[in-house]
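Listed here are the chains, written in short residue letters.
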Amino acid sequence: PASGLPVAVTAASFNAEPGRASVLLMLQTPPGSVTFLDEGGRFTGRLEVSFVAIDDVGTTVGGERVELEMPLRPDMFKLVDRTGLLVESRVSLPPGRYSLRIGARDANAQRVGSVRCDLEVPDYARLPLSMSGVVIASDETLAANPRPDPERSRLLPDTPSVLRRFRQSDRLSVMAEVYDTRLATPHGLVLL
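Residues numbered from 1 in each chain as written. Predicted model: local features only at pLDDT ≥ 70, side-chain atom pairs only at ≥ 80, totals over all residues. Heavy atoms only, no water.

**Regarding the overall build of the chain**
Here is step 1 of the chain: Within the chain one finds two helices and 12 strands.
Here is step 2 of the chain: The helix and strand sequence of the chain, counted from the amino end, reads β-β-β-β-β-α-β-β-β-β-β-α-β-β.
Here is step 3 of the chain: Considered along the principal axes of its C-alpha atoms, the chain spans approximately 65 × 45 × 25 Å.
Here is step 4 of the chain: Burial status across the chain gives 41% buried among its 192 residues.
Here is step 5 of the chain: Partitioning the contacts of the chain with sequence separation of at least 6, the portion at a separation of at least 24 is 69%.
Here is step 6 of the chain: Accessible surface, the chain as shown: approximately 10,400 Å² in total, 52% of it carbon and sulfur.
Here is step 7 of the chain: Taking the average place of the 22 positive charges on the side chains of the chain and the average place of its 24 negative ones, the gap between the two points comes to 2 Å. (Helix = DSSP H or I, 4+ residues; strand = E, 2+ residues; numbered from the N terminus. Buried < 20%, exposed > 50% of the residue type's maximum accessible area, 1.4 Å probe, protein only. Contact = heavy atoms within 4.5 Å. Areas by Shrake-Rupley, 256 points an atom, 1.4 Å probe, with all protein chains shown as cover. Lys, Arg positive; Asp, Glu negative; His and termini not counted. Charge placed at Lys NZ, Arg CZ, Asp CG, Glu CD.)

**A closer look at a nonpolar patch on the surface**
Here is step 1 of the chain: Residues Leu129, Met131, Val134, Val174 and Val178 make up a contiguous nonpolar surface patch of roughly 400 Å² in combined accessible area.
Here is step 2 of the chain: The residue leucine 129 is located in strand 9 (residues 129–131) in this model.
Here is step 3 of the chain: For leucine 129, a relative accessible area of 44% gives the class partly exposed. (Patch = residues over 30% accessible without salt bridge, like charges linked within 9 Å, V, L, I, M, F, W, Y side chains within 5 Å. Salt bridge = Lys/Arg side-chain N within 4 Å of Asp/Glu carboxyl O.)

**Concerning unusual backbone geometry**
Here is step 1 of the chain: Even without being a glycine, glutamine 110 presents a positive backbone phi close to 55°.
Here is step 2 of the chain: Its place among the elements puts glutamine 110 in the loop between strand 7 (96–106) and strand 8 (111–121).

**Looking at the environment of serine 13**
Here is step 1 of the chain: In this structure, serine 13 sits in strand 1 (residues 8–17).
Here is step 2 of the chain: Here serine 13 falls in the buried class, since its relative accessible area comes to 5%.
Here is step 3 of the chain: As for serine 13 and valine 121, which are separated by 108 residues in sequence, their C-alpha atoms are 6.5 Å apart.
Here is step 4 of the chain: Residues contacting serine 13, with those up to four places away along its chain left out, are Ala21, Ser22, Val23, Pro122, Tyr124, Ser132 and Gly133.
Here is step 5 of the chain: For serine 13, the side chain forms a polar contact with the side chain of tyrosine 124, separated by 2.8 Å. (Polar contact = N/O pair within 3.5 Å; in protein donor to acceptor, adjacent residues only side chain to side chain.)

**Regarding helix 1 (residues 74–83)**
Because an α-helix completes one turn every 3.6 residues, residues spaced three or four positions apart along the sequence face the same direction.
Here is step 1 of the chain: Of the positions making up helix 1, those classed as buried are Phe77, Val80 and Thr83. Across the axial projection of helix 1, the buried residues extend over an arc of 150°, all falling on one side. For helix 1, exposure combined with an orientation more than 90 degrees from the buried face picks out Lys78 and Arg82.
Here is step 2 of the chain: Glycine 84, located one to two residues past helix 1, shows a positive phi value of around 85°. (Arc of directions from axis to C-beta.)

Below is the structure:
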């Protein structure tokens, strides 16, 4: 991992279709960590983010490279500088174990940050009862999100938080799915 640019990362897998999961990848920078240049009243930031999933035999099986050009008005710059940035991406993966390699580069400051983490994507179709990953959002602790994931936005309108720092007054929203493959057998399910 490279620590020149502080980043936090999380991933949540969801049942997409038999034999595939849709994995929501999220990277968040803390407040004030991305450099913006004042260019005549507009503040310009450039953040490059790469998401890569590598299977247990070392093959790259999915990923995305995102380039964010952010020419911001002063009021938007203050918001981004105060809240940090969230970048979302999706990758479709078959069940298995993966090493996720996520990196970000602040082009203005020439700083790089990276994180490596492990992810196990369940075979949802073979499990009698399973649950997706969990995405947490707060109504008060927001990060600027220049390209929200459309599917996540439809189910969870609030911007997710990867940093997981909340105030006592925050009201949290949680997005998760429960998958039951034995619908023909009557049974109860209690969610707490």
